[in-house]
Amino acid sequence: MENNAEIMDLLNDLYENISEAIKPILDAIERLGKSLANTFLEAWEEVKYNMNFFDKNISRKRFIKLLMSVGYQRNTANKIAWKYHKEKGKYTLLDFLIENQKKEDLKNDMVGN
């Protein structure tokens, strides 16, 4: 019986020591989690604001002129415009940015090969 009591006391001491040792680590993890959550929320607010800006409708004429300004020929720009009109029924700055990125990616692929 006495050995069991000693073992229980040792186990309790071990538990208390481990709890005290882990407490600063848990606090640091909690602060890190809060910091990451705040950073994510701030970044999301910025992205959300920018997405609303780029989701504004633009005219077909402006969409085509923007495409031509980055190097698309008039016929190609018209085909792209018809594609977007058929899919979405509107044109946005985001659509232009997507097409511009496609052109940049294609140019980079051609240079890389």
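Above this text sits the structure in question.
Remember, predicted model here, so these are calculated numbers, not experimental data. (Residues numbered from 1 in each chain as written. Predicted model: local features only at pLDDT ≥ 70, side-chain atom pairs only at ≥ 80, totals over all residues. Heavy atoms only, no water.)

1. Some thoughts on the nonpolar core
One broad trend across soluble globular proteins is that nonpolar side chains are buried collectively.
Then comes step 1: Of all hydrophobic cores here, the largest spans 13 residues; its most connected members are Ile58, Phe63, Leu67, Ile80 and Tyr91.
Then comes step 2: Residue assignment for this core shows that the elements contributing at least two residues are helix H2 (60-69), helix H3 (74-88) and helix H4 (93-112). (Core = buried A, V, L, I, M, F, W, Y, C linked by side-chain atoms within 4.5 Å. Buried < 20%, exposed > 50% of the residue type's maximum accessible area, 1.4 Å probe, protein only. Helix = DSSP H or I, 4+ residues; strand = E, 2+ residues; numbered from the N terminus.)

2. Quick word on the side chain of Asp95
Then comes step 1: Relative to the helices and strands, Asp95 is located in helix H4.
Then comes step 2: Taking relative accessible area as the criterion, Asp95 reaches 2% and is therefore assigned buried.
Then comes step 3: Here Lys88 takes part through its side chain, which lies 2.6 Å from a polar atom of the side chain of Asp95.
Then comes step 4: Among all residues touching Asp95, those that are not within four sequence positions of it are Phe63, Tyr84, Lys88 and Lys90. (Polar contact = N/O pair within 3.5 Å; in protein donor to acceptor, adjacent residues only side chain to side chain. Contact = heavy atoms within 4.5 Å.)

3. Examining a nonpolar patch on the surface
Then comes step 1: Taken together, the side chains of Ile7, Met8, Leu11, Leu14, Ile18, Ile22, Ile25, Leu26 and Ile29 make up a nonpolar region of the molecular surface, amounting to roughly 830 Å² of accessible area.
Then comes step 2: Structurally, the position occupied by Ile18 is in helix H1 (residues 2-54). (Patch = residues over 30% accessible without salt bridge, like charges linked within 9 Å, V, L, I, M, F, W, Y side chains within 5 Å. Areas by Shrake-Rupley, 256 points an atom, 1.4 Å probe, with all protein chains shown as cover. Salt bridge = Lys/Arg side-chain N within 4 Å of Asp/Glu carboxyl O.)

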